Amino acid sequence: MQDEKQFISELLHPQTQHKAFEKLLQLYQKPLYHHIRNIVLNHDDADDVLQNTFIKVFNYLKDFKGDSKLFSWMYRIATNEAITFINQKAKRNGMTSEALQSKIVENLHSDTFFDGNEIQIKLQKAIHLLPEKQQLVFKMKYFEGLKYEEISEILGTSVGALKASYHHAVKKIEEYFNED
C-alpha cells in the first residue's frame, strides 16, 4: 500500500514526524486501547500498556520492515506489551498470571470503567478459563471484529490454526454457560 509507505516515511522524517505521529495516535489510540484492555481488563493498566506501546512504536519504527501492515505490527507490539505487563505484575504480587487474571475478573464489579452486566462478567470468567492463545484469538475475533488474516499477521499463526482455536474457545465458553 503506497499510502502506508508514504505515511511511514512521514513518521520517520524529522520535519514531518511530529504531525505524522499525532495522526498515528488519532488513528490507532482507541483500537489499541480496546485491544489492550481486552487483555489486561483494568483501565489504568491498559493506559500504562498503551503508553508503553506507543513509546515502542516510536522507538522501533525505523526497524519496521513493511512485511506486514503497520496496523498488524502495532497490534503485535501491543499484544506483547500487555502479556509482558500481566506477567510482570503477577510476579511483583507473588502470583501466577492466571491467578492475577482471576483476581481482576472477580473485581470487575468494582471497576468504575467496566460498564458490563452480570452476563458480561460471566463471559469474562469463561474467557479467563481458556488457554492464553484461545483467549487472545477469541477476544480479537469476538470483541474487536478482526479478520482471521489480520489476527494471523498479529500473532504469527496460520489462519487454519486460528479458526480451530476460535472454534475450541467458543465451544468451551458455551459449555461454561450451559453448566448453570
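Residues numbered from 1 in each chain as written. Predicted model: local features only at pLDDT ≥ 70, side-chain atom pairs only at ≥ 80, totals over all residues. Heavy atoms only, no water.

Enquirer: What's the story with the pattern of salt bridges in this structure? I'm lost.
Expert: Side-chain pairs of opposite charge can arise whenever the charged atoms involved come near each other. Applying the stated criterion across every chain, the model contains 3 salt bridges. Notably, a salt bridge pairs D45 with K89, separated by 2.6 Å at the nearest N-O pair. With D45 in helix α3 (residues 43–60) and K89 in helix α4 (residues 70–92), this residue pair connects regions lying 44 residues apart in the sequence. Among the ionic pairs, K56 bridges to E81, the shortest N-O distance being 2.6 Å. Residue K56 is found in helix α3, and its partner E81 is found in helix α4; the two are separated by 25 residues along the sequence. The class of K56 is partly exposed, set by a relative accessible area of 34%. Its relative accessible area of 14% is what places E81 among the buried residues. (Salt bridge = Lys/Arg side-chain N within 4 Å of Asp/Glu carboxyl O. Helix = DSSP H or I, 4+ residues; strand = E, 2+ residues; numbered from the N terminus. Buried < 20%, exposed > 50% of the residue type's maximum accessible area, 1.4 Å probe, protein only.)

Enquirer: What's the story with the nonpolar core in this structure? I'm lost.
Expert: When a protein is soluble and globular, its nonpolar side chains tend to lie buried together. Counting 51 residues, the largest nonpolar core has L24, V40, L70 and M74 as its most contacted members. Here the element with the most residues in this core is α4; it accounts for 12 residues. Excluding residues within four positions of it along the chain, V40 makes contact with D45, A46, V49, A82, F85, I86, Q101 and I104. (Core = buried A, V, L, I, M, F, W, Y, C linked by side-chain atoms within 4.5 Å. Contact = heavy atoms within 4.5 Å.)

By themselves these figures say nothing about function.
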